[in-house]
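Topology and contacts: notes
The lines below spell out each chain.
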Amino acid sequence: MLFKSLEFKNVVGQKVKVVDIPVLEEESTYYFMIQVRLQTFITAIYQERNAKKFYSFKEYLKRVMKWPDYEQLFKSAELKNNA
């Protein structure tokens with residue numbers, strides 16, 4: 001799975017970086033849910049007065065998503081014959 005990062009300045013002008021944002025195809029069943037959660041997450045960070053400089057979107061999703069959905073989204077393909 002591919003991940004992207006996003007860097008912006010919050011309401012106070014502090015530089016904030018959000019990493020581990022999954023890149024999904026538009027046909028994916030989780031595409032809309034991830035877009036909405038990302039927008040909510042960024043809005044919350046933007047409004048914070050004393051925000052951290054570094055956030056992991058994957059860790060945020062771990063807290064707010066149902067565990068079966070989280071596992072399905074981030075499932076890793078099992079390698080066969082140690083390849």
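Residues numbered from 1 in each chain as written. Predicted model: local features only at pLDDT ≥ 70, side-chain atom pairs only at ≥ 80, totals over all residues. Heavy atoms only, no water.

A few words on the pairing of strand β2 (residues 15-22). The pairing of strand β1 (residues 3-9) with β2 spans 6 bridges and is classified as antiparallel. Across the sheet, residue K4 finds its bridge partner in β2, namely I21. Hairpin connection between β1 and β2: a loop of 5 residues separates the two successive antiparallel strands, and G13 in this loop has a positive phi of roughly 105 degrees. Looking at chain direction, β2 and strand β3 (residues 54-56) are connected through 3 bridges and run parallel. (Pairing = 2+ DSSP bridges. Helix = DSSP H or I, 4+ residues; strand = E, 2+ residues; numbered from the N terminus.)

With that out of the way, let us pick up helix α2 (residues 57-64). Every buried residue of α2 is listed here: F57, Y60 and L61. What you see down the axis of α2 is that its buried residues fit within an arc of 100 degrees, all on one side. (Buried < 20%, exposed > 50% of the residue type's maximum accessible area, 1.4 Å probe, protein only. Arc of directions from axis to C-beta.)

On to unusual backbone geometry, then. We note that D20 has phi near 60 degrees; this positive angle belongs to a residue other than glycine. Counting through the fold element by element, D20 comes out in strand β2. You can call D20 partly exposed: its relative accessible area is 30%.

Taking 1.5 Å of rise per residue, 17 residues should cover 24 Å, and helix α1 (residues 31-47) covers 25 Å from first to last C-alpha, within 8% of that figure. Buried within α1 we find I34, L38, F41, I42 and I45. Looking straight down α1, one finds its buried side chains confined to an arc of 95 degrees; they lie on one side. Facing away from the buried side of α1, by more than 90 degrees, are the exposed residues F32 and Q39. Check the buried side of α1 and you find it contacts β1, β2, β3, α2 and α3 (67-73). (Expected span 1.5 Å × (residues − 1). Contact = heavy atoms within 4.5 Å.)

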